[in-house]
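Each chain, written out:
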Amino acid sequence: MEENIESVEEWVSKLDIETTKDIHVPKLLFDQVIGQDQAGEIVKKAALQRRHVILIGEPGTGKSMLAQSMVDFLPKSELEDILVFPNPEDPNKPKIKTVPAGKGKEIVRQYQIKAEREKRDRSRSIMFVIFSVVLLGIIAAIVLRSITLIFFAIMAAAFLYMAMAFNPVIRNEKAMVPKLLVSHSSTDKPPFVDSTGAHSGALLGDVRHDPFQSGGLETPAHERVEAGNIHKAHKGVLFIDEINLLRPEDQQAILTALQEKKYPISGQSERSAGAMVQTEPVPCDFVLVAAGNYDAIRNMHPALRSRIRGYGYEVVVNDYMDDNDENRKKLVQFIAQEVEKDKKIPHFDKSAIVEIIKEAQKRSGRRNKLTLRLRELGGLVRVAGDIAVSQKRNIVTASDVIAAKALSKPLEQQIADKSIEIKKIYKTFRTEGSVVGMVNGLAVVGADTGMAEYTGVVLPIVAEVTPAEHKGAGNIIATGKLGDIAKEAVLNVSAVFKKITGKDISNMDIHIQFVGTYEGVEGDSASVSIATAVISAIENIPVDQSVAMTGSLSVRGDVLPVGGVTAKVEAAIEAGMAKVIVPELNYNDIILDAEHINRIQIIPARTIEDVLKVALVNSPEKDKLFDRIASIINNAKIIKPQK
Ligand code: ADP
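Throughout, a residue's number is its position along its own chain's written sequence, starting from 1. At least 70 in pLDDT is required for a residue's local features to be given in this predicted model, at least 80 for side-chain atom pairs to be given and counted, and no such filter applies to totals for whole chains, interfaces and linings, which use all residues. Calculation of side-chain values draws on the structure's entire complement of heavy atoms; hydrogens and water are dropped beforehand.

**Student:** Got a minute to help me understand the overall build of the chain in this structure?
**Tutor:** Secondary structure elements follow DSSP: runs of H or I of four or more residues count as helices, runs of E of two or more count as strands, with numbering from the N terminus. What the chain contains, in helices and strands, is 23 helices and 26 strands. Here's how the labels work: a residue is buried when its accessible area is under 20% of the maximum for its type, exposed when over 50%, partly exposed in between, all with a 1.4 Å probe on protein chains only. Looking at the chain as a whole, 49% of its 643 residues are labelled buried. In the chain, the share of contacts with a sequence separation of at least 24, taken over all contacts with a separation of at least 6, comes to 75%. Accessible surface area values rest on a Shrake-Rupley calculation with a 1.4 Å probe, where residue burial reflects the displayed protein chains alone. Of the roughly 32100 Å² of accessible surface on the chain, a fraction of 54% belongs to carbon and sulfur atoms. Contact criterion: two residues are considered in contact whenever any of their non-hydrogen atoms come within 4.5 Å of each other.

**Student:** I'm lost on the site of the ligand in this one. Help?
**Tutor:** Put simply, a residue is near a molecule or strand once any heavy atom of it comes within 4 Å of that molecule or strand. Residues in close proximity to the ligand total 16 residues, the closest being Gly-60, Ser-64, Glu-338, Lys-341 and Arg-375. Any pair of N or O atoms that falls within 3.5 Å is considered a polar contact. Within protein, one atom must be able to donate a hydrogen and the other to accept it, and sequence-neighbouring residues count only if both atoms are side-chain atoms. One of the backbone nitrogen or oxygen atoms of Ile-34 is found 2.8 Å away from a nitrogen atom of the ligand. In this structure, an oxygen atom belonging to the ligand sits 2.5 Å away from a side-chain N or O atom of Lys-341. Protein coverage of the free-state accessible area of the ligand, which is 550 Å², stands at 89%. Listing elements by their share of the shell around the ligand, those giving two or more residues are helix 4 (63–69), helix 13 (325–342) and helix 15 (374–390). Note that Gly is not counted as nonpolar here; it falls among the polar residues with everything else outside the nonpolar set of Ala, Val, Leu, Ile, Met, Phe, Trp, Tyr, Cys and Pro and the charged set of Asp, Glu, Lys and Arg. Considering only residue class, the shell around the ligand consists of 6 nonpolar, 6 polar and 4 charged.

**Student:** Mind showing me how you'd approach the sheet that holds strand 12 (residues 312–316) here?
**Tutor:** In sheet architecture, strand pairing relies on hydrogen bonds along the backbone and comes in two forms, parallel and antiparallel. One bridge is not enough; two strands pair if DSSP finds at least two bridges between them. The parallel open sheet is built from 5 strands, whose spatial order is 5-8-11-1-12. Edge positions in the open sheet fall to strand 5 (192–194) and strand 12, since each of these has one partner strand only. The mean angle between the axes of side-by-side strands here comes to 15°, regardless of whether they run parallel or antiparallel. Where strand 1 (residues 52–56) and strand 12 come together, 5 bridges link them in parallel fashion. Residue pairing for strand 12: Leu-55 is matched across the bridge by Val-315. Of the strands in this sheet, strand 1, strand 11 (287–292) and strand 12 touch helix 12 (residues 302–310), which is tilted by about 100° from strand 12. Lines fitted to C-alpha atoms define the axes, with helix axes restricted to the stretch in contact, and inter-axis angles between N-to-C directions lie between 0 and 180 degrees.

**Student:** I tried to follow helix 16 (residues 398–407) on my own but got confused; where do I start?
**Tutor:** Given 3.6 residues per turn, any residue in an α-helix points the same way as the ones three and four places further on. Taken residue by residue, helix 16 has Ala-398, Asp-400, Val-401, Ala-404 and Lys-405 as its buried positions. Projected down its long axis, helix 16 carries its buried residues within an arc of 160°, all on one side. Packing partners of the buried residues in helix 16 comprise helix 14 (350–364) and helix 15. Here, the arc refers to the directions that run from the helix axis to the C-beta atoms.

**Student:** What am I meant to see in the packing of helix 19 (residues 494–501) against helix 22 (residues 608–615) here?
**Tutor:** A pair of packed helices can be characterised by two numbers: the angle between their axes and the separation between those axes. Viewed as axis vectors pointing N to C, helix 19 and helix 22 meet at an angle of 60°, and their least axial separation amounts to 12 Å. One way to sum up the angle between helix 19 and helix 22 is to call them oblique. As for the relative orientation of helix 19 and helix 22, their crossing is right-handed in sense. Each of Val-496, Lys-499 and Ile-500 in helix 19 lies in contact with helix 22, whose residues at this interface are Ile-608, Glu-609 and Leu-612. Here the residues of the contact of helix 19 with helix 22 are counted per class, giving 4 nonpolar, no polar and 2 charged. Angle categories are assigned with fixed cut-offs, so that under 35 degrees is roughly parallel, over 145 is roughly antiparallel, 65 to 115 is roughly perpendicular, and the rest are oblique. If you view the pair so one helix is near and one far, a crossing is left-handed when the near helix is turned anticlockwise from the far one by less than a right angle, and right-handed when it is turned clockwise.

**Student:** What is the right way to look at helix 18 (residues 483–492) in this model?
**Tutor:** Within helix 18, burial applies to Gly-483, Ala-486, Ala-489 and Val-490. Considered in projection along helix 18, the buried side chains sweep an arc of 125° and stay on one side of the axis. For helix 18, the exposed residues set more than 90 degrees away from the buried face come down to Asp-484, Glu-488 and Leu-491.

**Student:** In this structure, what is going on with the pairing of strand 11? I would like to understand it.
**Tutor:** Two faces make up the sheet, and in a regular strand the side chains alternate between them. Most of strand 11 sits inside the fold, with 6 of its 6 residues counted as buried. In strand 11, alternate side chains face the same way, and those of Val-287, Val-289 and Ala-291 on one face and Leu-288, Ala-290 and Gly-292 on the other are all buried. In terms of strand pairing, strand 1 meets strand 11 through 4 bridges, oriented parallel. Of the residues in strand 11, the one forming a bridge with Ile-54 is Ala-290. In this sheet, strand 11 lies alongside strand 8 (residues 237–240) in parallel orientation, the contact comprising 4 bridges. By the bridge assignment for strand 11, Ile-240 is matched with Ala-290.

**Student:** What am I meant to see in the sheet that holds strand 4 (residues 179–182) here?
**Tutor:** Pairing in this open sheet of 3 strands is antiparallel, and the strands run 3-2-4 from one edge to the other. The strands lining the two open edges of the sheet, one partner per strand, are strand 3 (95–100) and strand 4. Here the strands of the sheet are splayed against their neighbours by 35° on average, with no regard to which way each runs. Pairing analysis gives 3 bridges linking strand 2 (residues 80–85) to strand 4, with the strands arranged antiparallel.

**Student:** I'm lost on a nonpolar patch on the surface in this one. Help?
**Tutor:** Like charges within 9 Å and nonpolar side chains (Val, Leu, Ile, Met, Phe, Trp, Tyr) within 5 Å are joined into patches, using only residues over 30% in relative accessible area that form no salt bridge. We define a salt bridge as a contact between a side-chain nitrogen of Lys or Arg and a carboxyl oxygen of Asp or Glu at a distance within 4 Å. Taken together, Phe-131, Leu-135, Ile-139, Val-143 and Leu-144 make up a surface patch of nonpolar side chains, about 520 Å² in accessible area. Structurally, the position occupied by Leu-144 is in helix 5 (residues 103–144).

Take a look at the structure:
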């Protein structure tokens, strides 16, 4: 694991560019997708064969990009326009016709011209009839010498006009013009339709409600038909993220659409007049790309999932990639891409590139990896760009990225910042001096919210020890939300206590309190802190309050690695601690950015003794304690060979 990767600064300094402006951004969307080579190959194959795909992975890692890139590989020249026509036999069952792409508009126009012409002819004949009636009246009046007849003739003409002009059949003659449901031009790429979160009407099509339902003013049914996303995606790609959130009925409908490649459109609102209308089946021959995280896929309609699996591919996308030369270059390409896509922000100079790559290292949460949660990283790029713009600079530098990080902190981080402020004001933790039985533990929040990064907090722990009421019947009394964790931690390491303090904890009541904890704190990794607080209390040796610590303790007293160390160390820095103790096995996981580096002394610990050496204040009691530990260890060494 410890192969030597060049430091980011050094690596960037060797790049043969001034800014990201000098980076070539590929034209094809497929080539813009970073770090998903394997998923990319499969998606490409699926497109060429028109197969469905399930993409599994974390949000913002390129699933919708991959889906969209498929349209460049779908067979072309198959595109079709879809028209809906009135049905003279059954007005509530409009007819559907498909024509080659681009032809739809032409057809509608021809019908319009025809309708116009018929309308003109009709008004001409109406005028002709009226004119004839009036003329006949005048002739009759002259012949019969009667003025009244002229009056009657005019009345008759007016009546005729009214009857004809308001006759619904004549008036609605324009209703014979079909409506274009789905249209393309002959040069269009196959469509990509993102239907994430769409309601039933948008997904499956709808028939609009008609406010005028009678009296010759109603809009004909076929004009009220609206295409759904499944129809708009005909011959293209339909993308649905978080597919499990789709109502089961809609998932069932998609299954039917996949099987039949056709789906009729009907009114989705039961009370509207549209509910009576149902078109002939409308073509919807799309490639489905369903996406989501593991849970989402597990909860999707089983029949739908097995249909896709049977006729396509299931692919897991990466959420991080190796930190190597090639992938760092891709990340630089990513910055260039995001800048060009945004169009408003300036390019990044080398110092800014360094900060972004380091942030990608940090957000991966792993040594020698780079995060692929690029939507969030893209957000950082844009905020940094906005800061440069607001200061009227035409280049983004490191300081913009650092400022952007402060601005675009996730919710959890903002809450943690507030809590640090409040804890400082109310002195729930100290950063100097020494106190018996009080330890600055470290924890993370937001670990269960799927955030790309952890957010650390200081978690003060206080322990107090009193003699048990009855010998051998000591209790562990832990309060606060993390009480159960504390009890378990103390029980787990009771052997360690015995070894270190030489005292049996069954003769004591141990009280443990987590100070001011709140929802969402994950305290699983607090056992080193708990043990330190308890030992300090038992031995009456004060704990240095400028020290914070994290780590999990084995039953033998070894310090085991924990999650979120970088975030915890950052929290210790923000809180103003001078030293932080971390598990030795986590030491390499700590990746600090320019803002945090060299602001705290980081001390790796392998055993609880290593922790106590740093955390307990130097005193005769401490020396005695370590003499005792040493003698126990020496005795153990003498005993061993006899085995
Ligand atoms: P998802 O569908 O996985 O939630 P998207 O594909 O919608 O994520 O990504 C959102 C944005 O984040 C993209 O438009 C792009 O700017 C950026 N992005 C995410 N993943 C990648 C990637 N693998 N390569 C390049 N850009 C990415």
